[in-house]
Amino acid sequence: MAILSNAVEIADAGAFSVGLGSMVLIKTLTASSSGTLSFVHGASSVVFDSTYPIYKFVFSNIHPASTSYFQVNFRDGSTAYDATKTSTSFGAIHAEDNSTPSLAYVAGSDLAEGTGVQRLTTGELNSGNADDSLSGHLHVFNPSSTTFVKHFISNVNYSNNSPASENSYIAGYCNVTAAIDAVQFSMSSGNIDSGLIKLYGIKDS
Amino acid sequence: MAVISNTTTIIDAGAITSGSGAMTLIKTLTASSSANLQFLNGTSNVVFDGTYKEYQFHCISIHPESDGEPLTFQVDTGTNTNFNIATTNTFFRARHNEGDTISSLAYVASYDQAEGTAFIRMNGGVGNAADECCSMILTIHEPASSTFVKHYTFTGNNYQDNSGSENLFSAGYFNTTTALTRIQFKMGSGNIDSGTIKMYGIS
């Protein structure tokens, strides 16, 4: 946007960016019966390189087409989303009928040097009700490093198929020294019926 | 600043701020075989006072010189340099090693403090192989309060020296009503070989 006065440009696009805070919205993807949602550096205005030292994905009301896990994978140079990962997984659950409150490690959602998808939930999202959804976030640290592993931490809350509130904490590292240049989200079964994923960069300077 | 055309104010001061982010980068420190990294209010453009209600420290790819040493931090008041404010905190973590033989979620009593004044442990030992590091986010609330204790939380992920992933959670308070003015990060022993710590104010 530029601000013009009598055809004279007073302020150009970006002129105010210095004062706009350090969290910069890079891209919003909206699911509509989507098999995957992918953020690829250099495509569709996505930046996912050394421009920012930390990137944050924010999930808003992810609604699955089928009862399934929400998941992510990372691309480390080729076209495949198959970066090697070691991760931890735990969650808290409390059912709507006040039963089964728990806090536990969930081995089914961790990886030990796995290249497959990384679950971001310890349980399955419920698809049966129109108002069931997931919201939360994922941080990725220093994805463009060619020296270090790439750490990620995630926290989401969702209505599972009990029905219950389930709060999942998934974290780990991509055990690669190649840069991570793309991130892809999907469900373990069926499409992402609806929802938003926003990618932010946390400014370096 | 206002943008004015022919005496008509088009955009008033502050008009742009309604769409602004709440994070302001205050200072970046980069380790290079550094014994410690510290942020001192009023020094080198560091603001660590009542300007912001909340401060965040982003510790990015912290790599130790010595294998298995944790990243730690402590704070101090005024112009004191002892970095030994009494703290009481909690600490729990999830672990999973690359060999898939260890997976756990547990409170770690040996990492917490009860009115202790030692540097606060942020993780288990960080590996020092070339690609190993930790990344953490520390938040300190209202450090300049002269009424209340000062709460903090941190979370992050660590590549442990035993080749595993460690997801860390801690929270506590500095049990003082004196304003905090400074914070120091260092490894349990040895230097911070490399890494960056960025300080943000949250408004």
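Quick caveat, the model's predicted, so the values are computed rather than measured.

J.: Residue-level account of the overall build of chain B, with values.
T.: In terms of helices and strands, chain B carries zero helices and 15 strands. Counting only residues that meet the buried cut, chain B has 51% of its 203 residues in that class. For chain B, the proportion of contacts with a sequence separation of at least 24, taken over those separated by at least 6, is 73%. Summing over all exposed atoms, chain B offers an accessible surface of approximately 8,100 Å²; the carbon and sulfur share of this is 46%.

J.: Before we move on, could you go through the overall build of chain A and cite the residues and values that matter?
T.: Helix and strand content of chain A: zero helices and 15 strands. In chain A, which comprises 205 residues, the share counted as buried stands at 51%. Taken as a whole, chain A presents about 8,100 Å² of accessible surface, with 48% of it coming from carbon and sulfur.

J.: Before we move on, can you summarise the interface of chain B and chain A with the specific residues and values?
T.: Taken together, the contacts link 45 residues of chain B with 41 residues of chain A. Ranking the residues of chain B by area buried against chain A places His96, Glu98 and Leu105 of chain B at the top, with a combined share of 16%. In this structure, the connection of chain B to chain A is made through zero salt bridges. Connecting chain B to chain A are 13 residue pairs in polar contact (both at pLDDT 80 or more). Of the residues belonging to the side of chain B that touches chain A, the class tally is 17 nonpolar, 22 polar and six charged.

J.: Could you give me a rundown of unusual backbone geometry, with the residues and numbers involved?
T.: With omega at 5 degrees, the peptide bond leading from Ser162 of chain A into Pro163 of chain A counts as cis. Inspection of the secondary structure assignment puts Pro163 of chain A in the loop between strand E12 (150–160) and strand E13 (164–174). Despite not being glycine, Glu142 of chain B shows a phi value in the positive range, around 45 degrees. Summarising the element assignment, Glu142 of chain B is placed in the loop between strand E11 (134–141) and strand E12 (150–160).

J.: Tell me about the sheet that holds strand E4 (residues 37–40) of chain B, and please be specific about residues and values.
T.: All names here are of chain B. With antiparallel pairing, the four strands of this open sheet are ordered in space as E4-E14-E6-E10. Two strands close off the open sheet at either side, each with one partner strand: E4 and strand E10 (120–121). Bridge analysis of strand E6 (residues 71–77) against strand E14 (residues 180–187) gives seven bridges, and the strand direction is antiparallel. When the bridges of E14 are listed, Asp76 appears paired with Arg182.

J.: Tell me about the confidence of the model for chain B, residues and numbers included.
T.: As a note on interpretation, predicted positions should not be read in detail where pLDDT is low. Residue and element names in this part refer to chain B. Per-chain confidence: chain B averages 92 in pLDDT, with 90% of residues scoring 70 or above. Considering only residues more than four positions removed or in separate chains, one finds that residues 11–21, a stretch of pLDDT under 50, has 15 contacts. Interface scoring of the predicted complex returns ipTM 0.85; its pTM is 0.88.

J.: Please set out the pairing of E12 of chain B residue by residue, giving values where relevant.
T.: If a strand is regular, its side chains alternate between the two faces of the sheet. Where burial is concerned, most of E12 of chain B is hidden: eight out of the 11 residues are buried. Turn length for the E12 of chain B-strand E13 (residues 164–174) of chain B hairpin, with the two strands adjacent in sequence and antiparallel, is three residues, and the turn residue Ser163 of chain B shows positive phi of about 60 degrees.

J.: Talk me through the sheet that holds strand E10 (residues 118–119) of chain A; I want residue IDs and the actual numbers.
T.: Residues and elements named next belong to chain A. What the four strands build is an open sheet, ordered E4-E14-E6-E10; its pairing is antiparallel. Only two strands of the sheet have a single partner each, and these edge strands are strand E4 (36–40) and E10. When strand E6 (residues 70–75) meets strand E14 (residues 182–187), the two strands line up antiparallel, connected through six bridges. Bridging from a neighbouring strand, Asn73 pairs with Gln184 of E14.

J.: Tell me about the packing of aromatic side chains, residues and numbers included.
T.: Residues and elements named next belong to chain B. Counting across every chain of the model gives 29 aromatic pairs over all chains. Geometrically, the ring pair formed by Phe73 and Tyr152 is edge-to-face, given 5.6 Å between the ring centres and 90 degrees between the ring planes. Of this pair, Phe73 sits in strand E6 while Tyr152 is found in strand E12, placing the two residues 79 residues apart along the sequence. Taking relative accessible area as the criterion, Tyr152 reaches 0% and is therefore assigned buried.

J.: Would you mind going over the pattern of salt bridges in detail, with residue names and values included?
T.: Evaluated as defined, the whole model comprises three salt bridges over all chains. With a closest N to O distance of 2.9 Å, Arg75 of chain A and Asp181 of chain A form a salt bridge. Placement of Arg75 of chain A in strand E6 and of Asp181 of chain A in the loop between E13 and E14 is noted, with a sequence separation of 106 residues between them. For the pair Arg75 of chain A and Asp181 of chain A, one class covers both residues: buried. Residue Lys53 of chain B pairs with Glu142 of chain B through a salt bridge whose shortest N-O separation is 3.5 Å. Placement of Lys53 of chain B in the loop between E4 and strand E5 (54–64) and of Glu142 of chain B in the loop between E11 and E12 is noted, with a sequence separation of 89 residues between them. Residue Lys53 of chain B is classed as exposed on the basis of its relative accessible area of 56%.

J.: With reference to specific residues and values, describe the side chain of Ser170 of chain B.
T.: Residues and elements named next belong to chain B. Considering the arrangement of structural elements, one finds Ser170 in strand E13. Look at Ser170 and you get buried, because its relative accessible area is 7%. Reaching out from Ser170, the side chain makes a polar contact with the backbone oxygen of Thr90 at a distance of 2.6 Å.

J.: For the side chain of His151 of chain A, give the residues involved together with the corresponding values.
T.: Here His151 of chain A is to be found in strand E12. Taking relative accessible area as the criterion, His151 of chain A reaches 1% and is therefore assigned buried. Of the polar contacts made by the side chain of His151 of chain A, one reaches the side chain of Asn157 of chain B; its length is 3.1 Å. Aside from chain neighbours lying at most four places away, what touches His151 of chain A is His139, Val140, Phe141, Gly172 and Tyr173 of chain A together with Cys133, Cys134, Ser135, Asn157, Asn158 and Tyr159 of chain B.

Quick notes on the rules
Per-chain numbering applies: the sequence of each chain, read as written, is numbered from 1 onward. Working convention: letters from A go to chains and numbers from 1 go to ligands, in the order in which they are written. Since the coordinates come from a predicted model, pLDDT governs what is reported: local features require at least 70, and pairs of side-chain atoms require 80 or more to be given and counted, while whole-chain, interface and lining totals use all residues. Side-chain metrics rest on all non-hydrogen atoms present in the structure, leaving aside hydrogens and water. Each helix is a run of H or I in the DSSP string that is no shorter than four residues. Each strand is a run of E no shorter than two, and both are numbered from the N terminus. Burial classes follow relative accessibility: with a 1.4 Å probe on protein chains only, a residue under 20% of its type's maximum area counts as buried, one over 50% as exposed, and anything between as partly exposed. It only takes one pair of heavy atoms within 4.5 Å for two residues to be counted as in contact. Accessible surface area values rest on a Shrake-Rupley calculation with a 1.4 Å probe, where residue burial reflects the displayed protein chains alone. Put simply, buried area is the surface a 1.4 Å probe can reach on two separate parts but cannot reach once they are joined, added for both. Here, a salt bridge means any Lys or Arg side-chain nitrogen found within 4 Å of an Asp or Glu carboxyl oxygen. By the criterion applied in these results, polar contacts are pairs of N or O atoms within 3.5 Å in which, for protein atoms, one can donate a hydrogen and the other can accept it, and in which residues neighboring in sequence qualify only through two side-chain atoms. Residues are sorted three ways: Asp, Glu, Lys and Arg are charged, Ala, Val, Leu, Ile, Met, Phe, Trp, Tyr, Cys and Pro are nonpolar, and all the rest, Gly among them, are polar. Strand pairing requires that DSSP identify at least two bridges connecting the strands. pLDDT expresses how confident the predictor is about each individual residue, on a scale running from 0 to 100. Pairs were defined over the aromatic rings of Phe, Tyr and Trp, the Trp ring being its six-membered one, requiring ring centres within 6.5 Å. Orientation was assigned from the angle between planes: stacked under 30 degrees, edge-to-face over 60, tilted for the rest.

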